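Fold and contact review
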Amino acid sequence: MSTHVAAEEAEPRKQRYFSLKWKSFIALSLVLLTVNAGLAYLVFAKASRQHESRQSDRREAQVRELDVVLSKGLESVSNFASFIPLLSAQPLSAGSGRPDQIISAVLAEHGLLLTVEWGVEGVHYFAAEPPAQPLLSWPPDRVVPPVEDALRRARLDEVPQGQLYCEAGCYQVVTLPLLQHGRTQGYLVVERSIADSLKEFFMLSGADIALTGASVPKAPRGSRLAAWARDVLVITHESNTFPVLEKLSQDVGMDELLARAPQVELGSEWYEVFARRASHGSGEPVLLMINRVTDQVQAIRDATRDSLALGLVGLAASEMILLLLMWGPMQRIQDVVRALPFLAQKSFIRLRSELPYLPVDRAPRDEIDVMVSVIREVSGQVEALDEARSAAESALR
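The following refers to the structure shown. (Residues numbered from 1 in each chain as written. Predicted model: local features only at pLDDT ≥ 70, side-chain atom pairs only at ≥ 80, totals over all residues. Heavy atoms only, no water.)

1. Here's the deal with the sheet that holds strand 4 (residues 170-180)
Two modes of strand pairing occur in sheets, parallel and antiparallel, and in both the strands are linked by backbone hydrogen bonds. Strand order across the open sheet formed by five strands is 2-1-5-4-3, with antiparallel pairing between neighbours. Edge positions in the sheet fall to strand 2 (134-138) and strand 3 (161-166), since each has one partner strand and no second. Taking each pair of neighbouring strands and ignoring which way they run, the sheet shows an average axis angle of 20 degrees. As paired elements, strand 4 and strand 5 (residues 183-193) share 10 bridges and run antiparallel to each other. Paired with Leu-176 across the two strands is Leu-188, which belongs to strand 5. Sitting on the sheet, helix 4 (residues 148-157) is in contact with strand 1 (120-127), strand 3, strand 4 and strand 5, with an inclination near 175 degrees to strand 3. (Pairing = 2+ DSSP bridges. Helix = DSSP H or I, 4+ residues; strand = E, 2+ residues; numbered from the N terminus. Axes fitted to C-alpha atoms, helices over the stretch in contact; angles between N-to-C directions. Contact = heavy atoms within 4.5 Å.)

Okay, structure coming up:
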């Protein structure tokens, strides 16, 4: 029994503790993770702002390009319209024959040429005075577009008037006054599909474009965007572009689309779509411009991923350096902690043997070295006092 107690006194009981190096490791990890996450967010936010700024400039440029293309298209239609009467063997300016008869003869002879070469879809002739009923329409079954306002402005200003008309398709319509001996004899209304202008816009800007109208009864089948209650009347690269609009219509309302330019992911590709209302259009037509932004989105993701990867590498390197720096000192402190109980047990030789080795020529010394040196000196002094006390007790006996 006494032997067991003596053994327990000889070997100090180990106490559980959580090492300072692991506390420091965890604290540093949390700090670095927070810093790295913040830096990654800053990189992402900056890249996103730069992307939005570039896209905003791009959208503004494309709007200007579209306005130029549409204006150029209307100017071309106006030129075509003024050229039509000149194709007659009896020009309108000669004053022989009625204008509608002259134009009818031109269309009968050159109508196919106007369609194939110049893209003219329809021609209508109106008398100079109201009512605004056409005296001639070509092709004969061609529906007359709503040009009452254009006729009224043409009568007031005596200059060509352009507009956009959508009905089972979209057309640029020009109302042109026809002059004979300096007086207006009638008004020629010429329709040309807007598809050519949109293709020209695509070639110029690289953006696909679609024109939608609300509740168009003769819209092509399969072009309905039910979520927006709109029909796609004209579209470039329909097989690729229409699924983008269909996906976007399920996520974003038309009002929101008109207010901002959302991005939509389709498959592995990203697209940005922005909208603007088409001026002078019936049925509230809306132009949608679709830009592929996959490369830009991927660049933002790559920058964010690289920032996170570099942060994690830095985190791992910092923690490894911390552990390497603290492992030795913490081990020496643990050795001191395990040795100190021998001082209370007066096991001075065991105490000094358990203390960390301290080279004589070690310089510079740190706090742990000084502590070990002090403990050795104190243990020697206590041992000397203990021996003196024991000798005095023996002499008194």
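2. With respect to the packing of aromatic side chains
Throughout the structure, instances matching the rule amount to zero aromatic pairs. One residue, Arg-142, lies across the ring of Tyr-171, its end atom 4.7 Å from the ring centre. (Phe/Tyr/Trp six-rings, centres within 6.5 Å; stacked < 30°, edge-to-face > 60°. Lys NZ or Arg CZ within 6 Å of the ring centre and 35° of its normal.)

3. Section: the pairing of strand 5
Counting buried positions over the 11 residues of strand 5 gives nine, a clear majority of the element. Sheet analysis places strand 1 next to strand 5, joined by seven bridges and oriented antiparallel. Bridge pairing links Val-123 to Val-190 in strand 5. (Buried < 20%, exposed > 50% of the residue type's maximum accessible area, 1.4 Å probe, protein only.)

4. So, helix 3 (residues 99-118)
Here helix 3 is 20 residues long, yet its end C-alpha atoms lie only 22 Å apart, well below the 28 Å a rise of 1.5 Å per residue gives. The sharpest bend along helix 3 measures roughly 70 degrees and falls at His-110. Of all the positions in helix 3, only Pro-99, Asp-100, Ile-102, Ile-103, Val-106, Leu-107, His-110, Gly-111 and Leu-114 are classed as buried. Of the surrounding secondary structure, the elements contacted by the buried residues of helix 3 are strand 1, strand 2, strand 4 and strand 5. (Expected span 1.5 Å × (residues − 1). Bend = angle between axes of the 7 residues up to and from the residue.)

5. Describing the sheet that holds strand 6 (residues 208-214)
Taken in spatial order, the six strands of this open sheet run 7-8-6-11-10-9, and their pairing is antiparallel. Across the chains shown, the open sheet's two edge strands, defined by having one partner strand only, are strand 7 (224-225) and strand 9 (263-266). Where strand 9 meets strand 10 (residues 269-277), four bridges bridge the pair, whose relative direction is antiparallel. Across the sheet, the residue bridging to Gln-263 is Glu-272, located in strand 10. Running over the sheet, helix 8 (residues 294-339) touches strand 9, strand 10 and strand 11 (286-292) and is turned about 125 degrees from strand 10.

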